[in-house]
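# Notes for the structure review
Here is what each chain is made of, one letter per residue.
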Amino acid sequence: MRAGMLFAWVLGITICAGAGGADRGITNTSRSPDTKLRSVDIGDVRWTSGFWAERFDVCHKMMIPNMWRLLQDPEISHAYDNFLVAAGKKKGRHRGPKWHDGDFYKWLEAAAFVYGITKDEQLNRQMDQIIDVVGKAQREDGYIHTPVIISQRGRAPATTEFRNRLAFETYNMGHLMTCACIHHRATGKTTLVRIAKKAADFLYTLYQKSPEILANNAICPSHYMGIIELYRTRGDPKYLELAQGLIDSRDLVEAGTDHNQDRIPFRQQTQAVGHAVRANYLYAGAADVYAETGDRSLMRALDSIWRDVAYRKMYVTGATGALYDGASPDGSKAHSSIQLVHQAYGRPYQLPNVTAYNESCATVGFAMWNWRMLSITAEARFADLLELALYNGVLSSISLDGKQYFYTNPLRRVDELPFELRWSRKRQAYIGCFCCPPNVVRTIAEVAGYAYSLSDEGVWVNLYGGNVLDTELPDGSKIKLTQQTDYPWDGTIRIKVDEVPQRAFAVFLRIPGWAGGTTVKVNDKLAGSNPKTGQYFKIKRKWSAGDLIELALPMPVQLIEANPLVEEVRNQVAVKRGPVVYCLESFDLRDGVRVADVAVSWTGKFRAHFDDDLLGGIGVLEGEALALPAHDWGDTLYREVSPRRPSAVDIRLIPYYAWGNRGESEMTVWMPVR
């Protein structure tokens, strides 16, 4: 046995035997050799008040039950119905997209995480019933994919597996594995983990026989993350071997494409290319493999690709995947090598607004990738983008009442377009391609799992919100903190120390990149000077119960400009306060003024306040802008500039995530500046 495999085998025994604190989190990096941070256990963070407490409450009481109603209704979704047919509990055929199993597992993961915090017994019983059906749908050899199983049970017993890479078999199994690990950590039960283990064993056997088959069927490779999480949960070293092999075997793909990020070997890639959801899932999975192996060639690729996204291809909202359809390698001299790419990353700085694609799943994938990079490096730049994506790119995907969904997330909406777009420009109660809604719901359910991290040095505060942290440090000592704040509407955060060990330890506070001039006090005395933005601020001391940390993050209204190469927003600005990006919606303009006619001043002042009567209570910005008289362009494409005297107009900006909740409207994030 090789030394590395021996280490993995010993590590596996340790994990199975119980690794102490922080082994039941959103990801279990408690024994990952190449991470600096560990997750807190599910249930160790409870939202108590404010922004995320409200969103979590809506998730628990509205998003999860409403989505279950959709998923189990055979006249709407077919997802649960497919499992019933595959399990032999009813007759029928497979209906819906081939990735529908994965949609269902995402919802089940959200339910499991919420149960882990609330101990809602109704959810517990519901999950038990569902898992029983899923288990009966699985073949004895571990294969589980309802389209194929239903065909094999019915009129096409000769249907074979993995004959079409767009069947999403490994994608579905990957979400099963991730869901199973969360369910196990939240409930202590092994019912779903046993199903996931059989599926992983099936993939391992197939990998040993024909690695090229799995290489050619790695579409939206959620199974990279799923297999690693199963390895962390079960401790079986063959799962780590499988995950490593799946990354390596991408080089075996026949006729690879940028669409699927397999045209060139992964370790040679330096830019984000192709289908953004597939890309972000791949990058998150590769980060997981690095966390367990320390393969520096993976990290070199991941860091280069991350910089390409963060500095050249990401929207101001944290969304990614700019284009409905693109080409790659774009502009190649070898014209025959250029391929069509759906929901594409596109060129650097190619960030349209009205036609922005920004699939919700891509933003979720970007958040998962940043979380893993944060765990590996403990660098605040990844937490900053995780937060940006959560508040803006993720939350915009679902209505405030939790019942309607966006598939794409544009940064501008106009009433009339001279062309059609593939997806609706307003939220819908159900989307035929239902991958995004449950992905968004599970992400909202799991935000508490991102709020804190642990290390041997102490506690890391990643996200701010009213909550209680009641957990154990890696050495088993108890710690309890209570956080009080109106963040993101106010930058004052108070963290009360309720229970601590006798020894000294550190509290690391994330100082966001936008928070210049931050101050930190402990028991009303300054703790150091000039905390640096975009970093964690370390306070190490011997703490006592009753100690109070006060963090003051300045929250001025900021006008944001883009790199001049982002041609669509030249001479325009976006408005941001704290982590929240704001937008102008036509509801908030006087009659006769259109969104396109409004400009803001470089010197304009906005007043931030909380409006209890708007959209259930929300932070808004109010100020004065300029409105140009409207001109009817008709069929005119170009015309001579004519003087137009602007008039002052009062405007109100709302958070981008809240737009589209008052009916159809025009909207823009970027506005001309004068």
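What you are looking at is a predicted structure, and each value in this text was computed from that prediction instead of being measured. (Residues numbered from 1 in each chain as written. Predicted model: local features only at pLDDT ≥ 70, side-chain atom pairs only at ≥ 80, totals over all residues. Heavy atoms only, no water.)

### Here we look at the overall build of the protein
Applicable threshold: Where helices and strands are cited, they refer to DSSP runs of H or I of at least four residues and of E of at least two residues respectively, numbered from the N terminus. For this measure, only C-alpha atoms enter the radius of gyration; the expected value for a globule follows 2.2 Å times N^0.38, where N is the number of residues. Only protein chains enter the accessibility calculation, which uses a 1.4 Å probe; a residue whose area is less than 20% of its type maximum is buried, one above 50% is exposed, and one in between is partly exposed. The contact definition used throughout considers only heavy atoms, calling two residues in contact when any of these lie within 4.5 Å. Computed with a 1.4 Å probe, the accessible areas rest on the Shrake-Rupley method; for each residue, only the protein chains presented here act as cover. The sign given to each residue is positive for Lys and Arg and negative for Asp and Glu; His and the chain ends receive no count. Taken as the charge centre is NZ of Lys, CZ of Arg, CG of Asp or CD of Glu, depending on the residue.
Along the protein, the regular secondary structure elements total 17 helices and 24 strands. Here the protein has a C-alpha radius of gyration of 25 Å; the compact-globule value for 674 residues is 26 Å, and the two agree. Reported as C-alpha extents along the three principal axes, the dimensions of the protein are approximately 75 × 65 × 50 Å. A buried classification covers 60% of the 674 residues belonging to the protein. In the protein, once contacts between residues fewer than 6 apart in sequence are set aside, the share between residues at least 24 apart is 70%. Accessible area of the protein: about 26000 Å², with a carbon and sulfur share of 48%. Of the side chains in the protein, 80 bear a positive and 76 a negative charge, and the two mean positions are spaced by 2 Å.

### With respect to the pairing of strand E8 (residues 466-472)
It is a general feature of regular strands that their side chains alternate between the two faces of the sheet. Heads up, the rule is: What makes two strands pair is DSSP finding at least two bridges between them.
Of all 7 residues in E8, 5 are buried, a share of seventy percent or more. Strand direction decides the pairing type here: strand E2 (residues 45-49) and E8, joined by 4 bridges, are antiparallel. From the neighbouring strand, Ser 49 faces E8, where its bridge partner is Gly 466. Across 6 bridges, E8 lies against strand E9 (residues 478-485) in antiparallel orientation. Within the sheet, the bridge partner assigned to Thr 471 lies in E9 and is Ile 479. Linkage of E8 to E9, two consecutive antiparallel strands, is achieved through a turn of 5 residues, within which Gly 476 is found at a positive phi near 95 degrees.

### Examining the sheet that holds strand E7 (residues 458-461)
Note the threshold: Inter-axis angles, ranging from 0 to 180 degrees, are taken between N-to-C directions of lines fitted to C-alpha atoms, where helices are fitted over the stretch in contact.
Overall, mixed pairing links the 5 strands, which are arranged E1-E6-E7-E11-E14 in an open sheet. Two strands in the sheet have a free side with no partner beyond their single neighbour: strand E1 (38-39) and strand E14 (535-541). In this sheet, E14 lies alongside strand E11 (residues 505-511) in antiparallel orientation, the contact comprising 7 bridges. Its bridge partner lying in E14, Phe 505 is registered against Arg 541. Strands in contact with helix H15 (residues 380-394) are E11 and E14; relative to E11, the strand with the most contacts, it is inclined by about 55 degrees.

### A word on unusual backbone geometry
One can expect most non-glycine residues to show negative phi and most peptide bonds to be in trans. The omega torsion of the bond from Ser 328 to Pro 329 falls at -5 degrees, within 30 degrees of zero and hence cis. Topologically, Pro 329 is positioned in the loop between strand E3 (323-328) and strand E4 (339-344). A positive phi angle is found at Phe 162, which is not glycine, with a value near 55 degrees. Inspection of the secondary structure assignment puts Phe 162 in the loop between helix H6 (146-153) and helix H7 (169-187). One non-glycine residue, Gln 343, adopts positive backbone phi at about 40 degrees. Positionally, Gln 343 belongs in strand E4. Judged by its relative accessible area of 3%, Gln 343 falls in the buried class.

### Description of helix H16 (residues 436-445)
The element H16 is largely enclosed, with a buried count of 10 among its 10 residues. When H16 is considered as a whole, its buried residues turn out to be Cys 436, Pro 437, Pro 438, Asn 439, Val 440, Val 441, Arg 442, Thr 443, Ile 444 and Ala 445.

### A short note on the sheet that holds E2
With antiparallel pairing, the 7 strands of this open sheet are ordered in space as E2-E8-E9-E10-E15-E12-E13. Edge positions in the sheet fall to E2 and strand E13 (525-526), since each has one partner strand and no second.

### Some details on the pairing of E7
Note: strand E6 (residues 452-454) against E7, 3 bridges, orientation antiparallel. Within E7, the residue paired with Leu 454 across the bridge is Val 459. In textbook terms, the turn of a hairpin is the stretch between consecutive antiparallel strands, and for E6 and E7 this stretch comprises 3 residues. Two elements, E7 and E11, share 4 bridges in a ladder whose sense is parallel. Bridge pairing in E11 links Gly 458 to Ala 506.

### Description of the side chain of Thr 320
Rules: In the analysis that follows, any N or O atom pair within 3.5 Å is treated as a polar contact, provided that within protein one partner can donate a hydrogen and the other can accept it, and provided that, for residues neighboring in sequence, both atoms belong to side chains.
Inspection of the secondary structure assignment puts Thr 320 in the loop between helix H13 (296-313) and E3. Accessibility expressed as a relative area gives 0% for Thr 320, which makes it buried. A distance of 3.1 Å separates polar atoms of two side chains, one belonging to Thr 320 and the other to Asn 280. Ignoring any residue separated from it by four or fewer positions in sequence, one finds Thr 320 in contact with Ala 276, Asn 280, Val 309, Met 314, Tyr 345, Asn 358, Glu 359, Ala 362, Thr 363 and Phe 366.

### Here we look at helix H3 (residues 79-86)
H3 sits mainly inside the fold: 8 of its 8 residues count as buried. Buried residues belonging to H3 abut helix H2 (51-72), helix H4 (100-118), helix H5 (121-137) and H6. At the exit of H3 stands Gly 88, carrying a positive phi of roughly 80 degrees.

### Considering the environment of Val 414
Topologically, Val 414 is positioned in the loop between strand E5 (412-413) and H16. Separated by 145 residues in the primary sequence, Val 414 and Gln 269 have C-alpha atoms spaced 37 Å apart. Residues in contact with Val 414, not counting those within four places in the same chain, are Arg 425 and Glu 666.

### A closer look at the packing of aromatic side chains
Note the threshold: In summary, the pairing rule links any two rings of Phe, Tyr or Trp, Trp by its six-membered ring, whose centres are within 6.5 Å, and it sorts them by plane angle into stacked for under 30 degrees, edge-to-face for over 60 and tilted for everything else. Sitting over a ring, as applied to charges here, requires NZ of Lys or CZ of Arg to be within 6 Å of the ring centre and within 35 degrees of the ring normal.
Under the counting rule described, the total for this entry stands at 37 aromatic pairs. Here Phe 168 and Tyr 171 contribute two aromatic rings whose centre-to-centre distance is 5.7 Å and whose plane-to-plane angle is 80 degrees, an arrangement assigned as edge-to-face. Take Phe 168 and Tyr 171: they sit in the same class, and that class is buried. Summarising the aromatic geometry, the rings of Trp 460 and Phe 508 are spaced 3.7 Å apart at their centres and angled 5 degrees between planes, so their arrangement reads as stacked. In this pair, Trp 460 sits in strand E7 while Phe 508 sits in strand E11, placing the two residues 48 residues apart along the sequence. One aromatic cluster is present, formed by Trp 47, Phe 51, Trp 52, Tyr 391, Tyr 464, Tyr 487, Trp 489, Trp 514, Phe 610 and Tyr 657 through successive ring pairs. The cationic tip of Arg 381 hangs over the ring face of Trp 306; the distance from NZ or CZ to the ring centre is 4.8 Å. Lying over the aromatic face of Trp 543, Arg 541 brings its terminal NZ or CZ to 5.2 Å of the ring centre.

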